[in-house]
Structures are given as C-alpha cells and as structure tokens.
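Topology and contacts: notes
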Amino acid sequence: MAETRRIQTENVAATETVAARLGATAQPGDTVALVGDLGAGKTAFTRGLATGLGVAPDSVASPTFIMVAEHLGRLPLYHIDLYRLEPGAVDELPLREYVYGRGVTAIEWFDRLSEGALDDYLLVRIDYAGSGRILDFQAHGSRAQAWLGILPANA
Ligand code: ADP
Ligand code: MG
C-alpha cells in the first residue's frame, strides 16, 4: 500500500470531494494535518471532511479567535487552526485530548507544531498549481496509512 498520493484539483469543489471521501471513511482518532499558504485551501479541505462526516459544511469557517471549533456529525470533528497562535502557546494546546479522543481532528498550519508532536496523522500539503491546487498526501503511521488507502493510487 502506497504511503503517498498526489491529486490535482481544478476547483474548490473537487478539493472538497476528495476530502469528503476521507470524511466518509474516517474512524475515531484519525487526524488530518494541513499545510499550505494562506488561501491554499486548508479550510476548504476541512469543509469537505466535515461533509463526509455528516457535519453541515457551512458551519466550518476560519475562526478569528477560536483555536478549536467542535462540530458534531457521525463522529465529532475538531477543527484546529494554529495560524493566530503565539509560537509558545502552540505547545500548550491540549492537542492530545483531541487527537486521542473519539472524534476526527483537522489541524490547519500543522507546520507550526514542533517536530514529533503527533505520531499518527495524515499530512496534506496543498500547493497552488495554475488556477487549481495540488494535494500531496503523506501517511505517517499505520492508522493514517490505512485511511489513505481509500484514495485511488496515483496514475
Ligand atoms: P486556507 O484555509 O488554506 O487559508 P481557504 O480554504 O480558506 O484557504 O481558501 C481557499 C481559497 O482558494 C477559496 O477561496 C477557494 O475557493 C479557492 N480555490 C480555488 N481553487 C481551489 C482548489 N482547487 N482547492 C481548494 N481551494 C481552491
Ligand atoms: Mg484556513
């Protein structure tokens, strides 16, 4: 089973569709680690994940002051955005209470965490590619690897 996938999406709906497939198959404790520039599509990806989990996608936003937004779907979705967090405060976030909980966790700006903060997560890097985006998936750990296996292998 490949540990990586690369998927190009031409619009935001396509990104949400890919993410929704992961949301539909997510299990308690699964974590998505999102990396990419401002406007790359991290929140859009989380919205798709929410759809797959049965959460109303419109409830997923870019929180201005809230660091963790909880949504209830088939499983709880914990949406964490580290963008506005002071570097020192990142390490004080009770991350493990979320990622080892019974929900699914999506973390925007995952690269603000210190190395080794989590041991099992699906890394999703989103890069601009013309008018679309390239989604690069990399599974870290056996749980993430099994989850990533539901996406079609690279052509
Ligand atoms: P981030 O959370 O990474 O800052 P957002 O998800 O808030 O980014 O915004 C992504 C923006 O890029 C949206 O306006 C969305 O419509 C646009 N967009 C255009 N093409 C794509 C694509 N292929 N995938 C995701 N978003 C896209
Ligand atoms: Mg965002």
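Preceding block: the structure.
Residues numbered from 1 in each chain as written. Chains lettered and ligands numbered in written order. Predicted model: local features only at pLDDT ≥ 70, side-chain atom pairs only at ≥ 80, totals over all residues. Heavy atoms only, no water.

1. Observations concerning the coordination of the magnesium ion (ligand 2)
To keep things clear, this is the line we draw: Counted as donors are N, O and S atoms no farther than 2.8 Å from the metal, or 3.2 Å for Na, K and Ca; water is not among the atoms, and sites may therefore look incomplete. Put simply, DSSP marks the helices as runs of H or I at least four residues long and the strands as runs of E at least two long, and each gets a number from the N terminus on. Only protein chains enter the area calculation, which uses a 1.4 Å probe; residues under 20% of their type maximum are buried, those over 50% are exposed, and those in between are partly exposed.
At this site the magnesium ion (ligand 2) is bound by Thr43 (OG1) and Glu108 (OE), with donor distances of 2.1 to 2.2 Å. Note that Thr43 is positioned in helix 2 (residues 42-53) and Glu108 in strand 5 (residues 104-108), a separation of 65 residues in sequence. Judged by its relative accessible area of 3%, Glu108 falls in the buried class.

2. A closer look at the sheet that holds strand 5
Test applied: Two strands are counted as paired when DSSP detects at least two bridges linking them. Where helices are involved, their axes are fitted lines through C-alpha atoms of the stretch in contact, as for all axes, and angles between N-to-C directions lie from 0 to 180°. The contact rule is simple, with two residues in contact once any of their heavy atoms fall within 4.5 Å.
In space, the 7 strands of this open sheet follow the order 1-7-6-2-5-4-3, with mixed pairing throughout. Edge positions in the sheet fall to strand 1 (4-9) and strand 3 (68-72), since each of these pairs with one other strand and no more. On average, adjacent strands in this sheet sit at an angle of 20° to one another, irrespective of strand direction. Contacting strand 2 (31-35), strand 4 (76-81), strand 5, strand 6 (121-129) and strand 7 (132-140), helix 2 crosses the sheet at an angle of about 170° to strand 5.

3. Quick look at the pairing of strand 2
Across the 5 residues of strand 2, 5 count as buried, placing the element largely inside the fold. Burial of the side chains of strand 2 extends over both faces: Thr31, Ala33 and Val35 are buried on one face and Val32 and Leu34 on the other. Pairing between strand 2 and strand 5: 4 bridges, direction parallel. In the sheet register, Thr31 faces strand 5, and the bridge partner there is Thr105. In this structure, strand 2 lies alongside strand 6, joined through 4 bridges in parallel fashion. When the bridges of strand 6 are listed, Val35 appears paired with Arg125.

4. Concerning the site of ligand 1
Our working rule: We call a residue near a given molecule or strand whenever any one of its heavy atoms falls within 4 Å of it. Pairs of N or O atoms are called polar contacts if they sit within 3.5 Å, as long as, within protein, a hydrogen donor faces a hydrogen acceptor (for residues adjacent in sequence, only side-chain-to-side-chain pairs). Only the protein chains shown count as cover for residues, with accessible areas throughout obtained via the Shrake-Rupley method and a probe of 1.4 Å.
By nearness alone, 16 residues border ligand 1, and Thr15, Gly39, Lys42, Thr43 and Ala44 come closest of all. One nitrogen or oxygen atom from the main chain of Ala40 is found 3.3 Å from an oxygen atom belonging to ligand 1. Within the backbone of Gly41, an N or O atom sits 2.9 Å from an oxygen atom of ligand 1. When isolated, ligand 1 has an accessible area of 570 Å², and the protein chains bury 74% of it. At the level of elements, helix 1 (12-25) and helix 2 are the ones that each hand at least two residues to the shell around ligand 1. It is helix 2 that provides the largest number of residues to the shell around ligand 1, a total of 3 residues.

5. Examining the pattern of salt bridges
The criterion, for reference: A pairing counts as a salt bridge when a side-chain nitrogen of Lys or Arg comes within 4 Å of a carboxyl oxygen of Asp or Glu.
Considering all chains together, one arrives at 3 salt bridges under this definition. One salt bridge in this structure joins Glu16 and Arg47, with 3.1 Å as the shortest N-O distance. A residue pair is termed long-range when its members are at least 10 positions apart, and Glu16 in helix 1 and Arg47 in helix 2 qualify at 31 residues. Classification of Arg47 as partly exposed rests on a relative accessible area of 24%. When the shortest N-O distance is used, the salt bridge between Asp30 and Arg143 registers 3.0 Å. With a gap of 113 residues between them, Asp30 in the loop between helix 1 and strand 2 and Arg143 in helix 5 (residues 142-148) connect regions that are remote in the sequence. With relative accessibility at 3%, the residue Asp30 sits in the buried group.

6. Concerning the nonpolar core
Defined as follows: Only buried Ala, Val, Leu, Ile, Met, Phe, Trp, Tyr and Cys residues count toward a nonpolar core, and they belong to the same one when joined by side-chain atoms within 4.5 Å.
Ranked by internal contacts, the top residues of the largest apolar core, which has 28 residues, are Phe45, Leu122 and Phe137. Of all elements in the fold, only helix 1, strand 2, helix 2, strand 5, strand 6, strand 7 and helix 5 reach the threshold of two or more residues within this core. The greatest single-element share of this core, amounting to 4 residues, is contributed by helix 2. Non-local contacts of Phe45, meaning those with residues more than four positions away in its chain, are made with Thr15, Ala19, Leu22, Val32, Leu34, Val124, Ile126, Leu135 and Phe137. Core analysis: the next-biggest nonpolar cluster, separate from the first, contains 19 residues, Ile80, Leu95, Leu113 and Leu123 among them.

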